Amino acid sequence: MLRDITIGRYVPGNSALHRLDPRTKLLGALVYSAAVLSCSSFISMSAAGAAAAAAALISKIPVSYIIKGLKPLRWFILFTVIINLFCIDGKILWHLGAVHITYEGVSAAALLALRFIFFVLGTSLLTLTTPPIALTDGLARLLRPLKAVKLPADDIAMIISITLRFIPSFADEAERIMKAQKARGADFGSGSMISRVRSIMPVTIPLFISVFRRADELSLAMDARCYGKGVRNPRKKFFFGRTDAYFSLIMIIFCGFLAIIEFFN
Amino acid sequence: MIEFSNASYSYTSPLGTVQALCGVNARLRRGEITAVIGHTGSGKSTFMDLAAGLAEPERGSVTLDGFDTASQRKKIGVVFQYPEYQLFADTVRDDIAFGPMNFGIKGSELNERIKYSAEITGLDDSLLSRSPFELSGGQKRMAAAAGVLAMKPEILLLDEPAAGLDPSLREQIFSIMRQLLDSNGNMIIAFVTHSMEDAANYADRLILLDHGCVAAYGTPGEVFAKRELLYSCGLDIPAPLKIADGLRSLGDDIGGAITDDEIFLSVKNMLSSI
Amino acid sequence: MIEINGLCRSYNNTEVLKNVTLSFEPGTLTAVLGRNGSGKSTLARHINAILLPQRGYVRVDRLDTSDDSLVYDIRERVGMVFQNPESQAAASIVEDDTAFAPENLGLDTDEIIKRVDTALRDAGIEHLRKKPISALSGGQKQLTAVAGILAMRPGYMIFDEGTSMLDPESRKRVMDCVIRLKNELGIGIIWITHYMEEAIAADRVIIIDRGAIKADGTPEDVFSDTELIADSGLELPPSARLCMRLIKEGFDIPLALTAEDCAKEIHQLAQRLTEEKR
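The written sequence of each chain sets the order in which its residues are numbered from 1. A letter from A marks each chain and a number from 1 marks each ligand, given out in the order of writing. Selection of residues for local features in this predicted model requires a pLDDT of at least 70, selection of side-chain atom pairs for listing and counting requires 80 or more, and totals for whole chains, interfaces and linings are taken over all residues. Side-chain metrics rest on all non-hydrogen atoms present in the structure, leaving aside hydrogens and water.

Q: Lay out the overall build of chain C in plain terms, naming residues and giving numbers.
A: For chain C, the helix and strand inventory stands at 11 helices and 10 strands. What you see for chain C is a C-alpha radius of gyration of 21 Å, in line with the 19 Å of a compact globule of 278 residues. Considered along the principal axes of its C-alpha atoms, chain C spans approximately 75 × 45 × 30 Å. Buried, partly exposed and exposed residues are distinguished by accessible area as a fraction of the type maximum, computed with a 1.4 Å probe on protein chains only: under 20%, between the cut-offs, and over 50%, respectively. Burial status across chain C gives 58% buried among its 278 residues. Throughout, a contact is declared for two residues whenever any of their heavy atoms are within 4.5 Å. Considering only residue pairs separated by 6 or more positions, chain C has 63% of its internal contacts joining residues 24 or more positions apart. Only DSSP runs of H or I covering at least 4 residues are called helices, and only runs of E covering at least 2 are called strands; the numbering of each starts at the N terminus. Two things to know: the radius of gyration comes from C-alpha atoms, and the globule rule equals 2.2 Å times the number of residues to the power 0.38.

Q: How would you explain the packing of aromatic side chains if you had to name every residue and give the values?
A: Side-chain rings of Phe, Tyr and Trp, where Trp is taken by its six-membered ring, are said to pair if the distance between their centres is within 6.5 Å; with planes under 30 degrees apart they count as stacked, over 60 as edge-to-face, and otherwise as tilted. Taken as a whole, this structure holds 10 aromatic pairs over all chains when the rule is applied. Members of the aromatic cluster, each reached through a chain of ring pairs, are F174, F191 and Y202 of chain B. When the ring centre of Y85 of chain B is taken as reference, the NZ or CZ atom of R213 of chain A above it lies at 3.8 Å. Ring-over charges, as used throughout, are those where CZ of Arg or NZ of Lys falls within 6 Å of the ring centre and within 35 degrees of the ring normal. Between R171 of chain C and the ring centre of Y195 of chain C, over which it is positioned, the NZ or CZ distance is 3.8 Å.

Q: So what's going on with helix α8 (residues 153–182) of chain A? Which residues, and what values?
A: Between the first and last C-alpha of α8 of chain A there are 42 Å, a value that for 30 residues agrees with the 44 Å anticipated at 1.5 Å per step. One fitted axis covers the seven residues ending at a residue, a second covers the seven starting there, and the bend at that residue is the angle between these axes. At I167 of chain A, α8 of chain A is deflected by roughly 35°, the largest bend along its length, and proline P168 of chain A occurs up to four residues later in sequence. For a helix, the expected span equals 1.5 Å multiplied by the residue count minus one.

Q: So what about the domain arrangement of chain C? Which residues, and what values?
A: Residues and elements named next belong to chain C. Throughout the structure description, domain borders are defined by an automatic or database domain assignment. Its domain assignment divides chain C into domain 1 (2–236) and domain 2 (237–278). Using only C-alpha atoms to locate each centre, domain 1 and domain 2 end up separated by 35 Å. Listed per partner, the contact involves 10 residues of domain 1 and 8 residues of domain 2. Summed over both partners, the accessible surface that disappears when two parts come together, traced with a 1.4 Å probe, is what is meant by buried area. By the criterion of area lost to domain 2, the three top residues of domain 1 are I200, F223 and L236, representing 61% of everything that side buries. The salt bridge definition used is simple: a Lys or Arg side-chain nitrogen within 4 Å of an Asp or Glu carboxyl oxygen. Counting across the interface, domain 1 meets domain 2 through 1 salt bridge. With a closest N to O distance of 3.4 Å, E235 and R241 form a salt bridge. We call two N or O atoms a polar contact when they sit within 3.5 Å, provided that within protein one can donate a hydrogen and the other can accept it, with sequence-adjacent residues counted only if both atoms are side-chain atoms. At the boundary of domain 1 with domain 2, the tally comes to 2 residue pairs in polar contact (both at pLDDT 80 or more).

Q: How would you explain helix α3 (residues 42–59) of chain A if you had to name every residue and give the values?
A: Residues and elements named next belong to chain A. The end-to-end C-alpha distance of α3, which contains 18 residues, comes to 25 Å, matching closely the 26 Å that a straight helix rising 1.5 Å per residue would cover. For α3, the full list of buried residues reads S44, M45, A47, A48, G49, A52, A55, A56 and S59. On its buried face, α3 sits against α1 (16–19), α2 (22–38), α4 (63–68), α6 (103–129) and α10 (242–264). Positive phi shows up at K60, right after α3, with a value of about 60°.

Q: A description of the sheet that holds strand β6 (residues 78–81) of chain C should follow, citing residues and the corresponding values.
A: All names here are of chain C. Any two strands between which DSSP finds at least two bridges are classified as paired. Ordered by their spatial adjacency, 6 strands build an open sheet running β6-β7-β8-β3-β9-β10, and the pairing between neighbours is mixed. The open sheet has two edge strands with one neighbour each: β6 and β10 (212–217). Adjacent strand axes in the sheet meet at a mean angle of 20°, parallel and antiparallel pairs treated alike. Of the pairings in the sheet, the one linking strand β7 (residues 156–160) to strand β8 (residues 188–193) comprises 5 bridges and is parallel in character. Residue pairing across strands places I158 opposite I190, the latter belonging to β8. Against the sheet, helix α6 (residues 168–185) contacts β3 (29–33), β7 and β8, and its axis sits at roughly 155° relative to β8. Only the contacting stretch of a helix is used when fitting its axis, a line to C-alpha atoms as for every element, and angles between N-to-C directions run 0 to 180 degrees.

Q: Tell me about the side chain of R225 of chain A, and name the residues and values.
A: With respect to the secondary-structure elements, R225 of chain A resides in the loop between α9 (193–224) and α10. Among the polar contacts made by the side chain of R225 of chain A, one reaches the main-chain carbonyl oxygen of D97 of chain C at a distance of 2.9 Å. Those residues in contact with R225 of chain A that lie beyond four places of it in its chain are Q88, A89, A90, D97, F100, A101, N104, G148, I149 and M152 of chain C.

Q: Can you lay out the sheet that holds strand β3 (residues 32–38) of chain B for me, pointing to particular residues and giving the numbers?
A: Residues and elements named next belong to chain B. The strand order β6-β7-β8-β3-β9-β10 describes an open sheet built from 6 strands, whose pairing is mixed. Across the chains shown, the open sheet's two edge strands, defined by having one partner strand only, are β6 (76–79) and β10 (213–218). Neighbour-to-neighbour, the strand axes of the sheet open up by a mean angle of 15°, direction not taken into account. Pairing analysis gives 5 bridges linking β3 to strand β8 (residues 188–192), with the strands arranged parallel. Bridged to E32 within β8 is I188. Of the strands in this sheet, β3, β7 (155–159) and β8 touch helix α6 (residues 167–183), which is tilted by about 160° from β8.

Q: I'd like to hear about the interface of chain B and chain C, residue by residue, with values.
A: Listed per partner, the contact involves 29 residues of chain B and 30 residues of chain C. For the pair chain B and chain C, the two sides together bury roughly 2600 Å², of which 64% comes from carbon and sulfur. Considering only the side of chain B, the residues that lose the most area to chain C are F264, L271 and I274 of chain B, jointly responsible for 24% of the buried surface there. Where chain B touches chain C, the interface holds 4 salt bridges. When the shortest N-O distance is used, the salt bridge between K268 of chain B and E249 of chain C registers 3.6 Å. Where chain B packs against chain C, one counts 8 residue pairs in polar contact (both at pLDDT 80 or more). Residue assignment for the side of chain B that touches chain C shows that the elements contributing at least two residues are α6, α10 (239–249) and α11 (260–272) of chain B. For the side of chain B that touches chain C, the leading source of residues is α11 of chain B, giving 9 residues. Think of it as three bins: nonpolar holds Ala, Val, Leu, Ile, Met, Phe, Trp, Tyr, Cys and Pro, charged holds Asp, Glu, Lys and Arg, and polar takes everything else, Gly as well. In terms of residue class, the side of chain B that touches chain C is built from 13 nonpolar, 7 polar and 9 charged.

Q: So what's going on with the pattern of salt bridges? Which residues, and what values?
A: Counted according to the given criterion, the structure contains 40 salt bridges over all chains. E95 of chain C serves as the salt-bridge partner of R129 of chain C, at 2.8 Å between the closest nitrogen and oxygen. With R129 of chain C in the loop between α4 (109–122) and α5 (138–150) and E95 of chain C in helix α3 (residues 94–104), this residue pair connects regions lying 34 residues apart in the sequence. Here R129 of chain C falls in the partly exposed class, since its relative accessible area comes to 22%. In the salt-bridge network here, residues are joined through shared partners; they are R170, D198 and D260 of chain B together with E235 and R241 of chain C.

Q: Talk me through the confidence of the model for chain C; I want residue IDs and the actual numbers.
A: With 100% of its residues at a pLDDT of 70 or more, chain C shows a mean pLDDT of 93. As a per-residue measure, pLDDT tells how confident the predictor is, with possible values from 0 to 100. By mean pLDDT, helix α7 (residues 196–200) of chain C is the weakest element of chain C at 89, and β7 of chain C is the strongest at 97.

Q: If you had to explain the nonpolar core to someone new, which residues and values would you point to?
A: What we call a nonpolar core is a set of buried Ala, Val, Leu, Ile, Met, Phe, Trp, Tyr and Cys residues that are connected through their side-chain atoms within 4.5 Å. Judged by nonpolar contacts, the single largest core of 54 residues is most densely connected at I37, L156, I189 and F224 of chain B. Per element, the largest residue contribution to this core is 7 residues, and it comes from α6 of chain B. Judged by nonpolar contacts, the second largest core, of 53 residues, contains L29, L136, L234 and M244 of chain C.

Below, the structure is given as structure tokens:
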């Protein structure tokens, strides 16, 4: 199941989305996320959903694969939906004794669920269509102005892209460790909250150690290839081309559209 | 015995559906050490997962004495590759105790089990109270194995148990396996290996997997005799057999020796009889 | 030339390297054998300035590793391939990873592109250039790491147990590539391993145990000291093991290292014995 995580994975391709300048995509994903996390009407959300669907189709990545990336989140989404359904007061739709579901609760729950889903979709599409090195370099270029205030922009960009790239790898490792501990009789699914938290330790501790070990190994390998000598000269230059201009225009119109809808709500 | 009956298993990856095992028929018998060999990607890990009951076949069945292995997990101990990467507890003793405790063993029986598994894996008493992370690589491997042996499993499955170990520890791991079988002839022991020498020297029976299917099954002598098959499966033959083949091509036929001892005796006999 | 002189290192009051003095020339393949914990990796990490000597010195082409300002120059000359194929890639796609080192060196874009092409070709993985590294086999991942190092045009390459996590076929592929690099590009290879069979192909074998150099010579010379091999926690290759046992039985046979040589020697011995009988 953890194998299904798509955030961080890159699927090579040649779609219009793949060919966009990484900076365009980074800013696009940022703007999209901000929009999705701040809009509160269902019309806006539908528009956001349509936009995500359009982007997914353009990327030519199998839709089933993209959707699979949501699977690991289903319990989290379910959890927040339930909290919202039962804990928000307002116009009561249904009740059983002290437990009640309100109209506002349903609204909030649905909104929250959609927010998570679209946020994950947007970020996934970013990483699915952009090779990590391009992400790093794109991010580094965007952050470059901050170097004036002594921010190590290049290193930060490298850190972020390495983290993203390793998410699937550690998901695989976690699954391996879980399998091994399950074979020793570990049970992760049942019992009280406290015992369930404790039962995760046989997975989290080895995983943490593995993370540190890999970080050590990777940093040695990067040192061995002279990382840190000076300013990196990325091989692949990217250009802000026509497709990027169209994409940015579409994003601006999209935001304007959402702003109008929100204003009238 | 563990019986694979027309077992199939597949999984999805970004490259599409991968058929890991297709209609496998095989047996892991009691009182025997079986080695599972095959090229990378031949399905060895999936085979072990199914045998251990950690996965269920999509078609066909994998049973232990008639019951699905998935329901018999309590009786099956699995030592995965590089098991030292699963150590997590504060002390070696606590880590070894994890398995048995999950199955309800406690008190004096638990202490017995810890003592037994520490002894059989050669872990000194003084190491038991140390943190597992303070141990050397070889000791960590033994501690992880002890954690599985403390569950006193009827069935023991190991994935590349000797990977990365020094020669002396490698011998120790395999002699532990033989020791277990000697003291409990009812056990089923199976290991996956890439080393043809280990398969030749330590296994009673071999299963050769190729692209998810069983390509050969029999004693090491029987399987290694099928040289063309092994080469076509991307595998090599044990060194003693290569020496025997070399001698045969030079005109001295000493038969098909596959273990170190066999080739030594065969050559000695040939030279002494001159 | 790599010169190591009087190198000492201790961790927590344990001496890990004891007064090691060695040198390495380009164009040679040296196997460094030792059991786990013998100090072989620690020794290797002093050569490319990952570790600094507590006593003694290490010089690469006369550049001293303890000079901070020379660190990158040294690392450009001595590449290192590590044990874990999963933890060396700095990028997602093979050719991006190969370009990593030249990019770090700030070379011109044209030069970077040229070096990537050459490195991929020399490592024999040109056909994999656009593939995602996560989809490669262990051996292919290690060859990707090799290409990444070759892009620096190093004079020396250290393989710190570069094949111990690979299956036999991948191990052979990497070893074949490395021998080719030594022969065709004249790179000095330091091959750290505990697989005796891999040491057979080397020009020179060094055995290290408990932080000290116990042997240094040709494979034939070193392997014939069987007591030392056993003391150092190592094991002779199967052919040599057989010859040893025959020698103990009183047969006059040299130590053969490969199966073919072993068969040949036994056959010749058999013929000699047959002659003597007549």
